[in-house]
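What follows is each chain in one-letter form.
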Amino acid sequence: NNMLTQNTFILQSNCATLDQIIDHFECCTFSPPLIHIVSINDYSKKLILFSHRYELWIGDKLIGLIAVYENSPPEAYIPIVCVIDDYKGLGYGSKLLNYSLCEIERKGFKKVCLEVYNDNSIAFNMYLRYNFMPELVNDNKTLMCKYYDN
């Protein structure tokens, strides 16, 4: 579909409203489903209060969201990375991750970690490409961390 490749996107931080974040999560398929783990409303409120949100927009639609807890330097933690289903597989996740990681480095963080479900090989491989290394594996998740030498 040529239409999708023509879309110009913009990267920004902390622009989405609570309702836009909730809508965004409802357009994303998570495995296991996010709704099974948290209340989407409560979780979205928590992200607005405590995380820095890196966002990829096309027009007035929030396509991708990466939340980062930046409140205990020199370590940052990424609790969630998501691209809405209609835009998966088009490279937006990589563009947003690259932007987020550059911003985290620019702010002087030395380390950033995230958890990935072991059955999510697409995400796992993407993080490896960005030099995240597996540090701790449990039954269903792996903690992966990236170190900066800034």
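These remarks concern the structure in this document.

Parameters at a glance
- Residues numbered from 1 in each chain as written.
- Predicted model: local features only at pLDDT ≥ 70, side-chain atom pairs only at ≥ 80, totals over all residues.
- Heavy atoms only, no water.
- Disulfide = S-S within 2.5 Å.
- Helix = DSSP H or I, 4+ residues; strand = E, 2+ residues; numbered from the N terminus.
- Buried < 20%, exposed > 50% of the residue type's maximum accessible area, 1.4 Å probe, protein only.
- Lys, Arg positive; Asp, Glu negative; His and termini not counted.
- Salt bridge = Lys/Arg side-chain N within 4 Å of Asp/Glu carboxyl O.
- Polar contact = N/O pair within 3.5 Å; in protein donor to acceptor, adjacent residues only side chain to side chain.
- Contact = heavy atoms within 4.5 Å.
- Axes fitted to C-alpha atoms, helices over the stretch in contact; angles between N-to-C directions.
- Parallel < 35°, antiparallel > 145°, perpendicular 65-115°, else oblique.
- Left-handed = near helix turned anticlockwise from the far one by under 90°.
- Nonpolar A, V, L, I, M, F, W, Y, C, P; charged D, E, K, R; others polar.
- Pairing = 2+ DSSP bridges.

## Some details on the state of the cysteines
A full pass over the atoms with the stated rule returns one disulfide. At a sulfur-sulfur separation of 2.1 Å, the disulfide partner of C113 is C145. Note on the C113 and C145 pair: the S-S dihedral is about 110°, so by sign convention the disulfide is right-handed. Taken together, the positions of C113 in strand β5 (residues 111–117) and C145 in strand β7 (residues 141–147) put the pair 32 residues apart, joining distant regions of the chain. Overall, the relative accessible area of 6% leaves C113 in the buried class.

## Describing the side chain of R53
Take R53: it is sitting in strand β2 (residues 52–58). Although R53 is buried, it makes no salt bridge; E55 carries the closest opposite charge, 4.5 Å away. Engagement of the side chain of R53 in a polar contact is seen with the backbone oxygen of L47, the distance being 3.1 Å. Filtering out sequence-adjacent residues up to four positions away, R53 remains in contact with Q12, S13, N14, I21, L47, I48, L65, I66 and A67.

## Quick notes on the packing of helix α4 (residues 92–106) against helix α5 (residues 121–129)
Across the interface, α4 lies against α5 with an axial gap of 11 Å and an inter-helix angle of 40°. Looking at the two axes, α4 sits oblique to α5. Handedness of the α4/α5 crossing: right-handed. The segment α4 lies against α5, with G93, S94 and L97 engaging M126, Y127 and R129. Looking at side-chain class alone, the contact of α4 with α5 contains three nonpolar, two polar and one charged residues.

## Observations concerning the sheet that holds strand β4 (residues 75–83)
On the basis of which strands lie adjacent, the open sheet formed by seven strands has the order β1-β2-β3-β4-β5-β7-β6 and mixed pairing. Since the sheet does not close on itself, it has two edges, and those belong to β1 (10–13) and β6 (133–137), each with one partner. Taken over all neighbouring pairs, the strand axes of this sheet differ in orientation by 25° on average, direction set aside. Bridge analysis of β1 against β2 gives four bridges, and the strand direction is antiparallel.

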